[in-house]
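# Coordinate inspection notes
Spelled out from the first residue to the last, the chains are:
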Amino acid sequence: MPLPDSIAALISALAKLPGVGPRSAERIALYLAQTDSVAVKQLAETILHTREKIKFCEICGALTEQSPFSVCTDMRRDASIICVVERAVDILAIEKADSFRGKFHVLGGNISPLDGVEPEDLRIAELEKRLAKEPIKEIVIALGTDVEGDATGIYLAKRLARRGLTISRIAYGLPAGSGLEFADELTLSRALEGRTEMN
Ligand SMILES: [Zn+2]
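Source: prediction; values computed, not measured. (Residues numbered from 1 in each chain as written. Predicted model: local features only at pLDDT ≥ 70, side-chain atom pairs only at ≥ 80, totals over all residues. Heavy atoms only, no water.)

## Let's talk about the overall build of the protein
Heads up, the condition is: Counting from the N terminus, the helices are the DSSP runs of H or I reaching at least four residues and the strands are the DSSP runs of E reaching at least two. A 1.4 Å probe rolled over the protein chains alone gives each residue an accessible area, and that area as a share of the maximum for its type sets the label: buried under 20%, exposed over 50%, partly exposed in between. We call two residues contacting when some pair of their heavy atoms lies within 4.5 Å. Throughout, the Shrake-Rupley method with a 1.4 Å probe supplies accessible areas, and for residues the shown protein chains are the sole cover considered. We treat Lys and Arg as the positive residues and Asp and Glu as the negative residues; His and chain ends play no part in the count. For charged residues, the charge sits on one atom: NZ in Lys, CZ in Arg, CG in Asp, CD in Glu.
Regarding its fold elements, the protein presents eight helices and seven strands. In terms of overall dimensions, the protein has a C-alpha envelope of 70 × 35 × 35 Å along the principal axes. In the protein, buried positions account for 39% of the 199 residues. Across the protein, the fraction of contacts at a sequence separation of at least 24, relative to all contacts at a separation of at least 6, is 57%. Split by element, the accessible area of the protein, about 12,200 Å² in all, is 56% carbon and sulfur. Here the protein holds 25 positive side-chain charges and 29 negative ones, and the gap between their average locations is 5 Å.

Right under this line is the structure:
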């Protein structure tokens, strides 16, 4: 027996979410289709509310309800060191490890010519603008350990090189080929502490 069209449509919508495979999408869709409609309405409204509330920080690109977000405006944070991450969610991983006292910059991805991601698609020009007006002395590159993350780090080190600026990358205690979100807090703290200079 084929599934009703509305359930099939919900399954294909859910299957587009990260980490949700076709089996999970089917389970969630069937669950929602039979759940109390008030609870389903609340879930839908929570999703909508979150999306409407969240924006990108105008300085670093973090996800925030208020721009600039708290790390960017916190005077106790060290403004001379900027940690460059691929995605906004990576900031959460580093903040959870609680060993980094500087500020952040979200790149928005890695350079990947095969996927059509060129340097100008990333927030590199924004980082250069920050270098021109903020008292930055060190850039810590904390990208993933896959080929794209590696290549992007090397590209950044070349492009951002200037007198008086140290460019370092986090130590590679991180699992190979993965992003920051999969590293435990201790590994991440050590990776930051053991960072090595690239220039
Ligand atoms: Zn910010």
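Having seen it, we continue.
## What about unusual backbone geometry?
Following Ser 67, the chain continues into Pro 68 via a peptide bond in cis, with omega recorded as -5 degrees. Note on placement: Pro 68 falls in the loop between strand S2 (63-64) and helix H4 (70-73). Phi is positive for Asp 98, which is not a glycine, with a value near 55 degrees. Along the polypeptide, Asp 98 turns up in the loop between helix H5 (88-97) and strand S4 (103-106).

## Topic: the pattern of salt bridges
For clarity, the threshold we go by: Salt bridges are identified by distance alone: a Lys or Arg side-chain nitrogen within 4 Å of an Asp or Glu carboxyl oxygen.
All chains considered together, the criterion is met by nine salt bridges. We note a salt bridge from Asp 90 to Arg 87, for which the minimum N-O separation is 3.1 Å. Under the relative-accessibility criterion, Arg 87 is labelled partly exposed at 29%. Where Arg 130 meets Glu 134, a salt bridge forms, and the shortest distance between an N and an O atom there is 2.9 Å.

## Quick look at the layout of surface pockets
Which entries qualify depends on this criterion: The method works on a 1 Å grid over the protein atoms by themselves. A cavity is a set of points holding a 1.4 Å probe that cannot get out, a pocket is an open set with protein on both sides within 12 Å along at least five of seven lines, and residues with an atom within 4 Å of a point line them. Grid points are joined across faces, edges and corners, and a volume is the space filled by probe spheres set on the points. Charged residues are taken to be Asp, Glu, Lys and Arg, nonpolar residues to be Ala, Val, Leu, Ile, Met, Phe, Trp, Tyr, Cys and Pro, and polar residues to be all remaining types, Gly included.
Here the largest pocket is characterised by a volume of approximately 190 Å³. Lining the largest pocket are Leu 10, Ala 13, Leu 14, Leu 17, Ile 28, Leu 32, Ala 33, Val 40, Leu 43, Ala 44 and Ile 47. Contributions of two or more residues to the lining of the largest pocket are made by helix H1 (5-14), helix H2 (22-34) and helix H3 (37-53). It is H3 that contributes the most residues to the lining of the largest pocket, four residues altogether. Looking at the lining of the largest pocket residue by residue, the class counts come to eleven nonpolar, no polar and no charged. Within this model, the second largest pocket holds a volume of roughly 150 Å³. The element best represented in the lining of the second largest pocket is H5, accounting for five residues. Class assignment for the residues of the lining of the second largest pocket results in eight nonpolar, one polar and one charged.

## Here's the deal with the coordination of the zinc ion
Octahedral metals with six donors have ideal donor angles of 90 or 180 degrees. Tetrahedral metals with four donors have an ideal donor angle of 109.5 degrees. Note the cut-off: Donor atoms are limited to N, O and S found within 2.8 Å of the metal ion, a distance that becomes 3.2 Å for Na, K and Ca. With water left out, some sites might look partial.
The protein atoms that coordinate the zinc ion are Cys 57 (SG), Cys 60 (SG) and Cys 72 (SG), at distances of 2.1 to 2.2 Å. Counting along the primary sequence, the residues that act as donors to the zinc ion give the motif C-x2-C-x11-C. With Cys 60 in the loop between strand S1 (55-56) and S2 and Cys 72 in helix H4, the pair connects residues that are twelve residues apart, well separated along the chain. Residue classification places Cys 60 among the buried residues on the basis of a relative accessible area of 0%. With a relative accessible area of 11%, Cys 72 lands in the buried category.

## Structural notes on helix H6 (residues 124-133)
The criterion, for reference: Our arc is simply the arc of the directions from the helix axis toward the C-beta atoms.
Considered for burial, the residues of H6 that qualify are Ile 124, Leu 127, Arg 130 and Leu 131. End-on, the buried residues of H6 take up no more than an arc of 110 degrees, which puts them together on one face. Projecting away from the buried face of H6 at angles above 90 degrees are the exposed residues Lys 129, Ala 132 and Lys 133. Buried positions along H6 lie against strand S3 (81-85), S4, strand S5 (138-141) and helix H7 (147-160).

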